[in-house]
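# Examination of the molecular architecture
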Amino acid sequence: MLALTGVHAHYGPIEALRGVDLEVAHGEIVAMIGANGAGKSTLLMTICGAPVPSAGRILFDGADIAGLPTFEIVRRGIAQVPEGRRIFPRMTVLENLQMGAAAGDATPSALAAGLERAFALFPVLAERRTQRGGTLSGGEQQMLSIARALMARPRLLLLDEPSLGLAPMVVKQIFQVIGEINRAGTTVLLVEQNAYHALRLAHRGYVMAQGRVVMSGSGAALLADPDVRAAYLEGGAKPPPGA
Amino acid sequence: MPSAVDRLAVRGAGQLAGRLRDAAAAAFVTLVLALPLVGLRTVDQGGALVLETRWDWVAIGVAAVFVGRLALGLFAHLRLRVPRVVPRVAQGVAMPWLAWAVAGFAVALPFLPFADRYVIDLGTTLLIYVMLGWGLNVVVGLAGLLDLGYVAFYAVGAYAYALLALNFSLSFWICLPLAGLLAALFGIALGFPVLRLRGDYLAIVTLGFGEMVRIILINWQSLTNGPNGLPSIPRPSFFGLPFERAPAEGTTSFHQFFGLDFAPEHRLIFLYLLILALALLTNVFVLRLRRLPLGRAWEALREDEIACRALGINPTNVKLSAFAIGAMLGGFAGAFFATRQGFISPESFTFIESATIVAIVVLGGMGSQIGVVLAAAFLVLLPEIGREFAQFRMLVFGLAMILIMIWRPQGLLGHREPTVRLGRAAAPRP
Ligand SMILES: Nc1ncnc2c1ncn2[C@@H]1O[C@H](COP(=O)(O)OP(=O)(O)OP(=O)(O)O)[C@@H](O)[C@H]1O
Ligand SMILES: [Mg+2]
């Protein structure tokens with residue numbers, strides 16, 4: 001469904017991606033882990049066209065989307081839950097969700113169906129629908145950000161660190177929902193620091209370092225790999241006891 | 001060992017010293033500013049310019065600032081209490097009620113006993129500013145694009161109306177949409193080059209745009225008659241019935257048609273009701289837009305442009321539409337202004353007009369419709385009330401602005417109404 005070959009991206013003189021090859025097949029959950037500054041967020045942003053890749057090809061459903069403006073890419077069926085959630089703070093939960101539908105089918109019935117799906121995934125959002133986005137808790141904001149991205153019914157969902165700054169219980173819930181979203185037919189590319197949860201959920205995983213993919217394999221294989229364990233599990237996110 | 005009371009006294013003294021220093025600093029700034037601005041004055045004495053000094057004025061000013069600043073510091077805690085009076089109304093609870101009351105009063109005004117020529121004229125001016133405020137509110141309040149050159153579109157609308165009416169003898173009702181359309185085109189023309197700009201940079205470019213339009217109006221003598229302006233712009237008629245004592249051969253005038261005695265107030269009242277209708281239409285139009293995807297996209301763009309892109313919104317179109325619609329509304333107001341005045345010149349479209357309109361939007365609480373009305377009333381009526389102290393008008397004006405910014409930094413009604421409530425379409429709001 002999505003295939004990157006030799007993708008480079010620059011911020012001015014800084015080369016943040018140095019030839020990334022990556023593939024996401026229809027129906028998969030693919031996890032991308034890596035240290036801070038490895039270029040994971042840049043990768044997701046580059047897929048969405050900001051920054052525009054300086055070299056390489058990005059194929060989505062067989063068409064090269066490199067160089068298209070962001071809104072054009074999004075309208076083809078890619079949605080991103082950006083790093084830091086980026087919900088609209090002064091707008092209500094409902095308005096945030098309606099904004100999410102901008103790229104998709106904006107008829108009232110489609111909107112109502114989208115809201116229903118969102119509230120089924122995150123019942124707490126239904127309770128909070130008239131609350132302003134900025135006054136939601138961090139976890140609720142993350143849920144809103146995911147729900148908002150789903151409003152346009154994307155075929156590929158890009159998630160950037162959805163577990164960032166959340167309590168373990170909420171992290172678990174979010175990962176459960178990501179699984180549900182995937183089972184309902186949405187392909188997922190997930191960037192995470194929380195390697196344990198991400199790799200356990202994902203069908204396949206990639207490890208990134210300094211703008212390159214340095215390792216790949218099935219989620220289970222990466223979890224068992226001694227290098228991955230040493231770099232991303234032992235020191236940082238340990239499996240919670242009994243998990 | 002010092003008692004608690006002693007300690008308090010010591011702290012109080014320390015605070016007082018701080019306040020005195022602060023007041024002295026403010027007084028010093030005043031001194032530096034006032035020495036050339038107030039202290040020196042050029043007077044014409046028998047054809048020769050003579051410098052006159054007014055040190056006493058400077059001394060009074062410096063003393064007033066010192067005392068005022070000290071009082072402000074000492075009674076700072078009052079700030080916390082005073083605002084409760086204003087926001088009670090402002091909290092949004094009484095809003096629909098307030099809006100309907102204001103609208104009802106506005107409709108009834110010309111027929112109230114105290115409504116003489118002056119009151120109706122003032123009301124008309126006020127409504128022009130309300131309409132301009134609502135128009136700019138689209139750009140500044142909703143889309144979050146700080147536009148300091150809004151007067152340009154007002155000017156384009158006014159000149160478009162005047163030129164079309166004078167050269168082609170088109171009626172007001174044909175010129176009005178054309179003027180709005182032309183202003184909208186200017187809005188897009190301004191929008192394109194500034195698409196990438198935000199905040200301060202956008203403000204500077206739009207400010208320059210406003211000045212450019214004014215200077216073109218001054219210098220394009222052959223079209224605009226330059227600084228002399230365009231006189232004898234046709235006045236509007238009541239659907240073909242002119243407001244004249246002695247209408248031209250073969251036409252019936254308003255008072256003849258309705259069998260009334262001729263009264264110059266008829267035209268004034270008609271103009272007042274006309275701008276009231278235009279303003280109310282503008283309001284309904286903007287409120288409707290706010291609930292449509294386009295209006296919501298404006299607000300989302302103000303909140304977070306990157307998130308908007310990520311949601312598949314084309315920021316170019318959204319921004320251009322905000323500029324175009326804001327400009328169009330300004331153009332309508334300009335057309336009305338031209339027909340009401342009967343005479344326009346570039347002098348009516350200086351930067352101070354832009355500044356006033358921005359002040360109306362900001363004071364009103366960015367994005368609030370009824371807030372714009374209150375702020376416009378404040379900014380237009382206050383100078384009128386202060387007319388007796390003509391000299392101190394601007395002083396009172398500035399002081400009032402400062403007080404508002406202290407008490408209501410978010411604007412008079414800085415409370416954003418959601419566009420949807422409880423999952424169904426929002427209840428209509430006037
Ligand atoms: N807008 C930007 N301008 C300049 N440099 C940037 C920009 N965004 C990211 N970078 C740089 O690009 C590199 C990759 O950053 P990126 O945000 O993609 O890392 P990351 O893997 O997402 O890290 P983290 O896990 O901390 O979120 C970093 O060196 C960063 O400093
Ligand atoms: Mg990141």
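Residues numbered from 1 in each chain as written. Chains lettered and ligands numbered in written order. Predicted model: local features only at pLDDT ≥ 70, side-chain atom pairs only at ≥ 80, totals over all residues. Heavy atoms only, no water.

Counting its secondary structure elements, chain B contains 18 helices and four strands. The buried share among the 430 residues of chain B stands at 47%. Put simply, of all contacts in chain B between residues at least 6 apart along the chain, 73% involve residues at least 24 apart. Carbon and sulfur atoms provide 70% of the accessible area of chain B, an area that totals close to 21,800 Å². (Helix = DSSP H or I, 4+ residues; strand = E, 2+ residues; numbered from the N terminus. Buried < 20%, exposed > 50% of the residue type's maximum accessible area, 1.4 Å probe, protein only. Contact = heavy atoms within 4.5 Å. Areas by Shrake-Rupley, 256 points an atom, 1.4 Å probe, with all protein chains shown as cover.)

Moving on, we come to the domain arrangement of chain B. Partitioning chain B into domains gives domain 1 (10–80) and domain 2 (92–407). The centre of domain 1 of chain B, based on its C-alpha atoms, is set 37 Å off from the matching centre of domain 2 of chain B. (Domains from an automatic or database assignment.)

The subject of this paragraph is the sheet that holds strand β9 (residues 204–209) of chain A. Residues and elements named next belong to chain A. Spatially, the six strands line up as an open sheet ordered β6-β7-β8-β3-β9-β10, and their pairing is mixed. The sheet terminates laterally at β6 (78–81) and β10 (212–218), the two strands that pair on one side only. The average undirected angle you get between the axes of adjacent strands in this sheet is 15°. Bridge count between β6 and strand β7 (residues 156–160): four bridges; the pairing is parallel. Across the sheet, Val-81 pairs through a bridge with Leu-159, a residue of β7. Taken strand by strand, helix α7 (residues 168–183) contacts β3 (29–34), β7 and β8 (187–192), and its axis lies near 155° from that of β8. (Pairing = 2+ DSSP bridges. Axes fitted to C-alpha atoms, helices over the stretch in contact; angles between N-to-C directions.)

A few words on the site of ligand 1. All names here are of chain A. Close to ligand 1 lie 14 residues, the nearest being Lys-40, Ser-41, Thr-42, Glu-83 and Gln-193. At a separation of 2.9 Å, an oxygen atom of ligand 1 approaches a polar backbone atom of Gly-39. Look at ligand 1: alone it shows 630 Å² of surface, and the protein chains cover 62% of it. Only β2 (14–24) and α1 (40–47) provide two or more residues apiece to the shell around ligand 1. Considering every element that reaches the shell around ligand 1, the biggest residue donor is α1, with three residues. Class assignment of the residues belonging to the shell around ligand 1 gives a composition of five nonpolar, six polar and three charged. (Near = heavy atom within 4 Å. Polar contact = N/O pair within 3.5 Å; in protein donor to acceptor, adjacent residues only side chain to side chain. Nonpolar A, V, L, I, M, F, W, Y, C, P; charged D, E, K, R; others polar.)

All names here are of chain A. Looking at the metal site, the magnesium ion (ligand 2) is ligated by Ser-41 (OG) and Glu-83 (OE), spaced 1.9 to 2.4 Å from it. Here Glu-83 lies in the loop between β6 and α3 (93–100) and Ser-41 lies in helix α1, a separation of 42 residues in the sequence. We classify Glu-83 as partly exposed; its relative accessible area is 39%. (Donors = N, O, S within 2.8 Å, 3.2 Å for Na, K, Ca; no water.)

Here the focus is the nonpolar core. Residues and elements named next belong to chain B. Counting 104 residues, the largest nonpolar core has Trp-298, Ile-344 and Phe-349 as its most contacted members. Here this core takes 15 residues from helix α6 (residues 117–142), the largest share from any one element. Dropping the residues within four chain positions of it, Ile-344 is found in contact with Ala-158, Tyr-159, Ala-162, Gly-229, Leu-230, Ile-233, Phe-337, Ala-338 and Phe-349. (Core = buried A, V, L, I, M, F, W, Y, C linked by side-chain atoms within 4.5 Å.)

Time to look at the pattern of salt bridges. All names here are of chain B. This model, assessed by the stated rule, comprises 14 salt bridges over all chains. One salt bridge connects Glu-299 with Arg-302, and the closest N-O pair in it is separated by 3.2 Å. Within this pair, Glu-299 and its partner Arg-302 are both found in helix α13 (residues 293–303), separated by three residues, close to a single helical turn. By relative accessible area, Arg-302 is classed as buried at 18%. (Salt bridge = Lys/Arg side-chain N within 4 Å of Asp/Glu carboxyl O.)

Turning to the sheet that holds strand β1 (residues 2–11) of chain A, a few remarks are in order. Residue and element names in this part refer to chain A. A sheet is described by the order of its strands in space; here four strands give the open sequence β2-β1-β4-β5, paired in antiparallel fashion. If you trace the sheet from one side to the other, it starts and ends with β2 and β5 (63–64), each paired once. In this structure, β1 lies alongside β2, joined through eight bridges in antiparallel fashion. Along β2, the bridge assignment pairs Ala-9 with Leu-17. Contacting β1, β2 and β4 (55–60), α1 crosses the sheet at an angle of about 110° to β1.

Before going further, it helps to examine the domain arrangement of chain A. Residue and element names in this part refer to chain A. Here the domain parsing of chain A yields domain 1 (1–77 + 155–235) and domain 2 (84–153). Counting residues at the interface gives 15 residues for domain 1, matched by 12 residues for domain 2. Where domain 1 touches domain 2, the interface holds zero salt bridges. Between domain 1 and domain 2 we count one residue pair in polar contact (both at pLDDT 80 or more) in total. At the level of secondary structure, the elements contributing two or more residues to the side of domain 1 that touches domain 2 comprise α2 (70–75), β7 and α7. At six residues, α7 tops the list of elements feeding residues into the side of domain 1 that touches domain 2. The residue inventory of the side of domain 1 that touches domain 2, partitioned by class, reads 10 nonpolar, one polar and four charged.

Caution applies to low-pLDDT parts of the model: their predicted coordinates are not meant to be read in detail. Residue and element names in this part refer to chain B. Mean pLDDT over chain B stands at 82; residues scoring 70 or higher make up 84%. Taken as a whole, residues 422–430 scores under 50 in pLDDT and shows 21 contacts with residues more than four places along the chain or in a different chain. Under the prediction, the complex receives an ipTM of 0.85, its pTM being 0.80. (pLDDT = per-residue confidence, 0-100.)

Let us now look at the pairing of β1 of chain A. Residues and elements named next belong to chain A. Bridge count between β1 and β4: five bridges; the pairing is antiparallel. Note that in β4 the partner of Leu-4 across the bridge is Ile-58. Taking the residues between adjacent antiparallel strands as the criterion, β1 and β2 are bridged by two residues, where Gly-12 takes a positive phi near 55°.

Within the fold, Ala-355 of chain B resides in helix α16 (residues 351–364). It is 32 Å that separates the C-alpha atoms of Ala-355 of chain B and Thr-53 of chain B, two residues lying 302 residues apart in sequence.

As a further point, take helix α4 (residues 108–121) of chain A. A turn of α-helix holds 3.6 residues, and therefore any two residues three or four places apart point the same way. All names here are of chain A. Taking 1.5 Å as the rise per residue, α4 with 14 residues should run 20 Å; its terminal C-alpha atoms sit 20 Å apart, in good agreement. For α4, the complete set of buried residues consists of Leu-111, Gly-114, Leu-115, Ala-118, Phe-119 and Leu-121. Projected down its long axis, α4 shows its buried positions confined to an angular sector of 155°, all on one face. Residues Ser-109, Glu-116 and Ala-120 are exposed on α4 and point more than 90 degrees away from its buried face. Of the surrounding secondary structure, the elements contacted by the buried residues of α4 are α3, α5 (123–127), α6 (138–150) and α7. (Expected span 1.5 Å × (residues − 1). Arc of directions from axis to C-beta.)

Turning our eyes to something else, we now look at unusual backbone geometry. Residue Pro-51 of chain A is bonded to the preceding Ala-50 of chain A through a cis peptide linkage, with omega at 5°. Here Pro-51 of chain A lies in the loop between α1 and β4. The backbone of Asn-225 of chain B sits at a positive phi, close to 65°, despite the residue not being glycine. Phi at Ser-232 of chain B takes a positive value of approximately 45°, unusual for a residue other than glycine. Position of Ser-232 of chain B among the secondary structure elements: in the loop between α10 (221–224) and α11 (254–257). The exposed category is assigned to Ser-232 of chain B, whose relative accessible area is 61%.

Before going further, it helps to examine the side chain of Glu-299 of chain B. When its relative accessible area of 1% is taken as the criterion, Glu-299 of chain B is described as buried. A polar contact is formed between the side chain of Glu-299 of chain B and the side chain of Arg-290 of chain B, at a distance of 3.1 Å.

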